[in-house]
Amino acid sequence: MSAVVKRSVAIRGHRTSISLEKPFYEELERIARQRRLPVAALVAEIDAGRPADTNLSSAIRLFVLEDLRAAR
């Protein structure tokens, strides 16, 4: 099992933290590279589209999961 790691990211000028397991963060980095975006820009997109009742870390995990499912 991979431990959860807390990371800090700037979204639209303010810093926030996300807590993700290493495999989720690695996939997030991969998706950002594919889209030719900085990780912070991708996180900002995910943040803008997430439901108000979903925390950012969960929204990122769901985003990564959906990307992996779509690739199958």
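Structure shown above.
Residues numbered from 1 in each chain as written. Predicted model: local features only at pLDDT ≥ 70, side-chain atom pairs only at ≥ 80, totals over all residues. Heavy atoms only, no water.

Description of the nonpolar core
Next, step 1: In terms of nonpolar packing, the biggest core is built from 17 residues, with I18, L28, V43, I46, L56 and I60 touching the most fellow members.
Next, step 2: The greatest single-element share of this core, amounting to five residues, is contributed by helix 2 (residues 39-49).
Next, step 3: Beyond its immediate sequence surroundings of up to four residues, I46 is in contact with L28, L56, A59, I60 and F63. (Core = buried A, V, L, I, M, F, W, Y, C linked by side-chain atoms within 4.5 Å. Buried < 20%, exposed > 50% of the residue type's maximum accessible area, 1.4 Å probe, protein only. Helix = DSSP H or I, 4+ residues; strand = E, 2+ residues; numbered from the N terminus. Contact = heavy atoms within 4.5 Å.)

Remarks on the pattern of salt bridges
Next, step 1: Under the definition given, this model contains seven salt bridges.
Next, step 2: A salt bridge links R61 to E21; the shortest N-O distance between them is 3.0 Å. Of this pair, R61 sits in helix 3 (residues 56-71) while E21 is found in strand 2 (residues 14-21), placing the two residues 40 residues apart along the sequence.
Next, step 3: For E21, a relative accessible area of 19% puts it in the buried group. (Salt bridge = Lys/Arg side-chain N within 4 Å of Asp/Glu carboxyl O.)

With respect to the packing of aromatic side chains
Next, step 1: One pass over the structure, following the stated rule, counts zero aromatic pairs.
Next, step 2: One residue, R7, lies across the ring of Y25, its end atom 3.8 Å from the ring centre. (Phe/Tyr/Trp six-rings, centres within 6.5 Å; stacked < 30°, edge-to-face > 60°. Lys NZ or Arg CZ within 6 Å of the ring centre and 35° of its normal.)

A word on the pairing of strand 2
Next, step 1: Sheet analysis places strand 1 (residues 4-11) next to strand 2, joined by eight bridges and oriented antiparallel. Each residue of the ladder has a partner; that of A10, found in strand 2, is R15.
Next, step 2: Two successive antiparallel strands, strand 1 and strand 2, enclose a turn made up of two residues, where R12 displays a positive phi of approximately 45°. (Pairing = 2+ DSSP bridges.)

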